[in-house]
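Residues per chain are reported as follows:
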Amino acid sequence: MNAHLQPTGSAYFLTQETQLSERHTLSVLVDNEPGILARVVGLFSARGFNIESLTVSETEHDKRLSRITVVVIATPKVLVQIKAQLERLVPVHRVHDLTAEGAYLERELALIKVNGTGDHRAETLRLADAFRAQIVDATVESFVFEVTGKPSKIDSFIALMQPLGLVEVVRTGLAAINRGPEGM
Amino acid sequence: MAEKMTGAEMVIQALTDQGVEHIFGYPGGAALPIYDAMFQQDFVKHILVRHEQGATHMAEGYARSTGKPGVVLVTSGPGATNAVTGLTDALLDSIPLVCITAQVPTTLIGTDAFQECDTVGITRSCTKHNYLVKSIEDLPRILHEAFLIATTGRPGPVVIDIPKDIQFAVGEYFRPEAETLRHQSYRPQVDGDLAAIETAIDLMLKAERPIFYTGGGVINAGPEASENLRELAELTGFPVTSTLMGLGAFPASNPQWMGMLGMHGTYEANMAMHDCDVMINIGARFDDRITGRIDAFSPNSTKIHVDIDPASINKVVQVHVPIIGDCNRVLEEMIRIWRSRTNAPRTEAIAGWWTQIQKWRDVGSLNFKNSDTVIKPQWAIQRLYEATRKQSKEVFITTEVGQHQMWAAQHFHFDQPNHWMTSGGLGTMGYGLPAAVGVQVAHPDALVIDIAGEASVQMTMQELSTAVQYRLPVKIFILNNERMGMVRQWQDLLHGSRYAHSYSESLPDFVKLAEAYGAKGIKCDTPAELDAAIAAMLDYDGPVLFDVLVEKDENCLPMIPSGKPHNEIILPDTANIGDIIDEKGRQLV
Ligand SMILES: Cc1ncc(C[n+]2csc(CCOP(=O)(O)OP(=O)(O)O)c2C)c(N)n1
Ligand SMILES: [Mg+2]
C-alpha cells in the first residue's frame, strides 16, 4: 500500500502510553493580575492537558492573591509536567497537588432548578431535605435548591431530581483545601 | 531618585539604565512617541530593519553572540504580528529578548481600532512572560522586570505592550532594586542540590562507558560554564558530544570531542549515546531530534540531567539523577567534588570505551564523495572553514534552515561558545541573514558569515538592505542546490521521490540582486575556482551575497531515520535512501 495513502500517525516518534490516568486536585496560588486566568488556561490547552473543573477567586485581597483550584485527569508523568509548567508561569507562586499530598477536603456548590406540582413536588421536598438542600427560590410550580458538598453528593441529588422535573443546574466547580493545621 | 518624565522617555531611560546600546526596530503610528524620545538622545542606537521578523532575529543574533539581551521595538498590529516568529524562535532556543510593542491608546483597546491586535493574547504562548501596561505608575517597574525575567533562569523573550496614551502620560521614573522585583513568585533555582550532585559524581566515578551530552544551556550559563565543562572533561577523561545548540561550548579541536549528536549527528556520538552506561546531560533537553525513538533511546544508561528549568526534567525522558540549577554553578560543584575524591582521570577504567569509540570514528560518518566537476556542499563548507582559519578576525557563523545548516554543523568546527547562531528548536528559515546582521552590529570588526540555502535566504532577503545601510559587512554564503534540499531528501526517503513543490522554479540572479541592494554579488560553480571566490568574498569590505552552485541532489548524512533507534543510523555510503525506511517508519515521520 502507498505510504501516502495511509493515515499519517504523527510528525514524530510516538510511544504507547503505559501509565494509567488519575484524577488530581491542584491548588494554585497566583498573583491576581489581568490575564492570569488566560495564562493558566492557555497553558493547559497549549500542552494538551485536560481540565475537569476550574475555580478561581481572589482569596487575599491586600496581597492581591488568588487561589485557583483545578481538577485534572492525567498520568503521573503528565501530572508532574503540569505542576512544573504551572510553576514556570511568572505570576504563579505555588502549586500543590492536594491529591498527592495527603488528606484534603473538597466542596462544591450547586443551584438546581426543579419544576413540579402535586406528588412530584412533595417527593422533591422530601429528597431535598435528606440532602440538606436549601430552598433559595420557590414559586407554585418550581424550586431552586442550593446544595453544597462533595461533587458526588451533588451528582446523586441531580440524578434523583432528573425524573422529578429537573430544569437546569449551575455548579461552582471545586473548592479544595488540605486538612490539618498547615497552610499553603 | 524619582524623576518626572513621559512614558516614552521612561522607555529610553530604562534602556539606558540597562546598558542597552542597540535596538532593532521599525516605526509606526502607535510607536511614534518612543521614536521621538529616542531621536532626542544618542546613547541607544536604533537599527532600522526592513521587516519586524528581521528585527527579532537580529536581536537573537546580538544576544547569542554577546550574552546580553537583544532588544526589539515595533509598532502595534502588523508590527507586533510580524515579530511573532522571532519571539517563538527565541522561546524555543532560550534566547533573552525584550520586545517592546506599541499599542493603540487604552481607551481604544477592544474596539478593533486601526492597527489594533491583541498582542498580549497572541504572544502569551510564545513568550516567557508578557505585559500590557495599563498605567504609567507600573511602567518603570515593568521595564526593568522584563529585563530580569528575560535574562535570568532559563532565558527567553519578554513582550511589553505599551499603549500610546501611556507613552504620552507623565509619571515618576525610578529604577527599582533588583531584589524588589518579582521576588515572591519568580525565583529561578540556580544552585543545584548538593546531595544530587554528589550522587552524580558517585555514578561518574564508577562509570565504564560515560558520555557528556551537552546543550545550549551551557552557552546560556555564560563563558565560564564552557571553561568549566572543559575542565570537568579533562578531569574525568570522558567523551563529549553536544546538541546543535551547544556547539562551541566544548572545542571541536579537543580529542575528547565526538562531534554533534542527533538526527544528523556523527556515528560515534550517536552510538556512544546508545551504548553508554552513564549519561551526563548538561543543559540539553532530550529534544526529539536527539533522542529518536524514545523507547530505544540509550536503553542501558543511568541518566544525570542538569537543567535550570524544572519543567525540562522528566518531560521526555525519565532520568535517574535530576539536578535543577544553573549549568555553571553545577559544573563548578561537580569539579570541586570530583577533585575531592580523586586526582586522576578514569583513563584506565574507560580505556575499552575509547577503543570502541575509535572503531566508530573509523567508520568516517561525515565522509562524502568529492568531485572535481561539481562543488559538493560539504566541501564548500570545509573550504570556507579553512579560509576563515587563516583570518585574524574573530569568526561568527549563522545559518538558515535545511541541509546546509546540518552540513555547517558537521563541517565547520567551533572552538568557542557564542560563535555559532542557528535556529534549532523552531527551525526558522530566514533566521540566518538577519541574525548575521545582529551579530555584526555587536561585533563590527568580526567576520560574520551566514551559511544559507537559496530557499531560506529569500525569506528575509530584504535585510540585506539593512546591512548595506549600516555598512555591516556580513557575508551570505548560499549553498544553492536549486532545491529545498532537506524537503527533497525527505521526499526521497518517505514519499517515493514525488517532489511536491520542493524545488525553486524561478530563482533570482543573486549577483544582480546583490548589486540592486548595493552589495557585492559573487557566483561560483566550479570546484577549481571556489577558493579564489571565497577569498574574494572575505577580502571585500562590505556585504557580499555569494551564490555557490552546488550538487543538486546530495543527501545530508548520516541520518537517523524516524522510527529507528540511534544504532540504526544511515551512513554515507548507502546508495538509495528511499529503501531504508519501512512502512511503519514512514507513518512516524
Ligand atoms: C519558515 C519555514 N518554512 C518551512 C520550513 C520547512 N523546511 C525545512 S528545510 C526547508 C528547505 C530549505 O531549503 P534551502 O534553504 O534551500 O536549504 P537546503 O535544504 O536546500 O540546504 C523547508 C521548506 C521551515 N523550516 N521554515
Ligand atoms: Mg537549497
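Each chain has its residues counted from 1, following the order in which its sequence is written. For this description, chains carry letters from A and ligands carry numbers from 1, given in the order in which they are written. Since the coordinates come from a predicted model, pLDDT governs what is reported: local features require at least 70, and pairs of side-chain atoms require 80 or more to be given and counted, while whole-chain, interface and lining totals use all residues. By convention in this description, side-chain values take in all heavy atoms of the structure and omit both hydrogens and water.

### A word on the domain arrangement of chain B
Residue and element names in this part refer to chain B.
Here's step 1: Each domain's limits were defined by an automated method or a database of domain assignments. What the domain assignment lists for chain B is domain 1 (3–173), domain 2 (194–362) and domain 3 (377–549).
Here's step 2: Centre-to-centre separation of domain 1 and domain 3, based on C-alpha positions: 29 Å.
Here's step 3: Facing 23 residues of domain 1, the contacting portion of domain 3 comprises 28 residues.
Here's step 4: Taken together, both faces of the contact between domain 1 and domain 3 bury some 1900 Å²; the carbon and sulfur share is 62%.
Here's step 5: Three residues, Arg50, Met58 and Ser65, lead the burial of domain 1 against domain 3; their summed loss comes to 29% of the area buried on that side.
Here's step 6: Any Lys or Arg side-chain nitrogen found within 4 Å of a carboxyl oxygen on Asp or Glu counts as a salt bridge. On inspection of domain 1 and its partner domain 3, the count reaches zero salt bridges.
Here's step 7: In the analysis that follows, any N or O atom pair within 3.5 Å is treated as a polar contact, provided that within protein one partner can donate a hydrogen and the other can accept it, and provided that, for residues neighboring in sequence, both atoms belong to side chains. The interface formed by domain 1 and domain 3 contains 11 residue pairs in polar contact (both at pLDDT 80 or more).
Here's step 8: Of all elements in the fold, only strand 2 (22–25), strand 3 (45–48), helix 3 (52–66) and helix 5 (84–92) reach the threshold of two or more residues within the side of domain 1 that touches domain 3.
Here's step 9: If one sorts the elements of the side of domain 1 that touches domain 3 by residue count, helix 3 sits on top with 10 residues.
Here's step 10: Each residue is assigned to one of three groups, with Ala, Val, Leu, Ile, Met, Phe, Trp, Tyr, Cys and Pro labelled nonpolar, Asp, Glu, Lys and Arg labelled charged, and all others, Gly among them, labelled polar. Taken together, the residues of the side of domain 1 that touches domain 3 break down into seven nonpolar, 11 polar and five charged. Contacts: residue pairs with any heavy atoms within 4.5 Å of one another. What counts as buried area is the accessible surface, traced by a 1.4 Å probe, that two parts surrender upon association, with contributions from both included. Secondary structure elements are defined from DSSP: runs of H or I of at least 4 residues count as helices, runs of E of at least 2 residues count as strands, and each element is numbered from the N terminus.

### Focus: the site of ligand 1
Residues and elements named next belong to chain B.
Here's step 1: Being near a molecule or strand, for a residue, means having at least one of its heavy atoms within 4 Å of it. If you check the shell around ligand 1, you find 17 residues, and the closest are Gln403, His404, Gly427, Ser456 and Gly485.
Here's step 2: A distance of 2.6 Å separates an oxygen atom of ligand 1 from a polar atom in the side chain of Ser456.
Here's step 3: One nitrogen or oxygen atom from the main chain of Gly485 is found 2.7 Å from an oxygen atom belonging to ligand 1.
Here's step 4: Against a free-state accessible area of 590 Å², the protein chains account for coverage of 76% of ligand 1. In these tables, accessible area is a Shrake-Rupley quantity obtained with a 1.4 Å probe, and a residue counts as shielded only by the protein chains included in the view.

### What about the packing of aromatic side chains?
Here's step 1: Between the rings of Phe, Tyr and Trp (Trp by its six-membered ring), a pair exists once the centres lie within 6.5 Å; its type follows the angle of the planes, with under 30 degrees stacked, over 60 edge-to-face, and the other angles tilted. Enumeration according to the criterion identifies 15 aromatic pairs over all chains in this entry.
Here's step 2: Taking the centre distance of 5.7 Å and the plane angle of 35° together, the rings of Phe212 of chain B and Phe238 of chain B count as tilted. Placement of Phe212 of chain B in strand 9 (residues 210–214) and of Phe238 of chain B in the loop between helix 11 (223–236) and strand 10 (240–242) is noted, with a sequence separation of 26 residues between them. An identical accessibility class is assigned to Phe212 of chain B and Phe238 of chain B; each is buried.
Here's step 3: Judged by centre distance (5.9 Å) and plane angle (85°), the ring pair of Phe286 of chain B and Phe297 of chain B falls under edge-to-face. A residue pair is termed long-range when its members are at least 10 positions apart, and Phe286 of chain B in the loop between strand 12 (278–282) and helix 13 (288–291) and Phe297 of chain B in the loop between helix 13 and strand 13 (302–307) qualify at 11 residues. The pair Phe286 of chain B / Phe297 of chain B is uniform in exposure class, with both members buried.
Here's step 4: Taken together, the aromatic side chains of Phe131, Phe143, Phe145 and Phe157 of chain A make up a single cluster linked through ring pairs. Accessibility here uses a 1.4 Å probe with only protein chains present; expressed as a share of the type maximum, an area under 20% marks a residue as buried, one over 50% as exposed, and anything in between as partly exposed.

### Observations concerning the domain arrangement of chain A
Residues and elements named next belong to chain A.
Here's step 1: Under the domain assignment, chain A is made up of domain 1 (19–97) and domain 2 (105–178).
Here's step 2: Each of domain 1 and domain 2 was reduced to a C-alpha centroid, and the two centroids are 29 Å apart.
Here's step 3: Listed per partner, the contact involves six residues of domain 1 and six residues of domain 2.
Here's step 4: Both sides together, the interface formed by domain 1 and domain 2 hides about 470 Å², and carbon and sulfur atoms give 44% of it.
Here's step 5: Looking only at domain 1, the three residues that lose the most surface to domain 2 are Thr25, Thr55 and Thr69, adding up to 57% of its buried area.
Here's step 6: Applying the counting rule to domain 1 against domain 2 returns zero salt bridges.
Here's step 7: The tally of links from domain 1 across to domain 2 stands at three residue pairs in polar contact (both at pLDDT 80 or more).
Here's step 8: Going through the elements one at a time, strand 2 (51–60) and strand 3 (65–74) are the ones with two or more residues in the side of domain 1 that touches domain 2.
Here's step 9: The residue makeup of the side of domain 1 that touches domain 2, split by class, is two nonpolar, four polar and no charged.

### So, the coordination of the magnesium ion (ligand 2)
Residues and elements named next belong to chain B.
Here's step 1: At 2.1 to 2.8 Å from the magnesium ion (ligand 2) lie its protein donor atoms, namely Glu454 (OE), Glu454 (OE), Asn481 (OD1) and Arg483 (O).
Here's step 2: Between the six donor atoms coordinating the magnesium ion (ligand 2), the angles at the centre fall across 50 to 170°, so the site counts as irregular.
Here's step 3: Only nitrogen, oxygen and sulfur atoms qualify as donors, and only when within 2.8 Å of the metal (3.2 Å in the case of Na, K and Ca); with water excluded, sites may look incomplete. Ordering the donors of the magnesium ion (ligand 2) by residue number gives the pattern E-x26-N-x1-R. Taken as a pair, Glu454 in the loop between strand 17 (447–453) and helix 19 (463–469) and Asn481 in the loop between strand 18 (475–480) and helix 20 (485–494) lie far apart in primary sequence, 27 residues in all. Residue Glu454 shares its accessibility class with Asn481, and that shared class is buried. Each label reflects the angles at the metal, where four donors whose angles all fall between 85 and 135 degrees are tetrahedral, four or six donors whose opposite pairs open beyond 155 degrees and whose other angles stay between 65 and 115 are square planar or octahedral respectively, and the rest are irregular.

### Remarks on the nonpolar core
All names here are of chain B.
Here's step 1: With 97 residues, the main nonpolar core has Met204, Ile323, Met334, Phe477 and Phe546 as its most contacted residues.
Here's step 2: A domain split of this core shows at least three residues from each of domain 2 (194–362) and domain 3 (377–549).
Here's step 3: Excluding residues that lie within four positions of it along the chain, Ile323 makes contacts with Gly192, Asp193, Ala196, Ile197, Ala200, Ile304, His305, Val306, Asp307, Ile313, Val330 and Met334.
Here's step 4: With 42 residues, the next largest nonpolar core counts Ile47, Met58, Tyr62 and Val474 among its residues. The criterion is simple. A nonpolar core is a set of buried Ala, Val, Leu, Ile, Met, Phe, Trp, Tyr and Cys residues joined through side-chain atoms within 4.5 Å.

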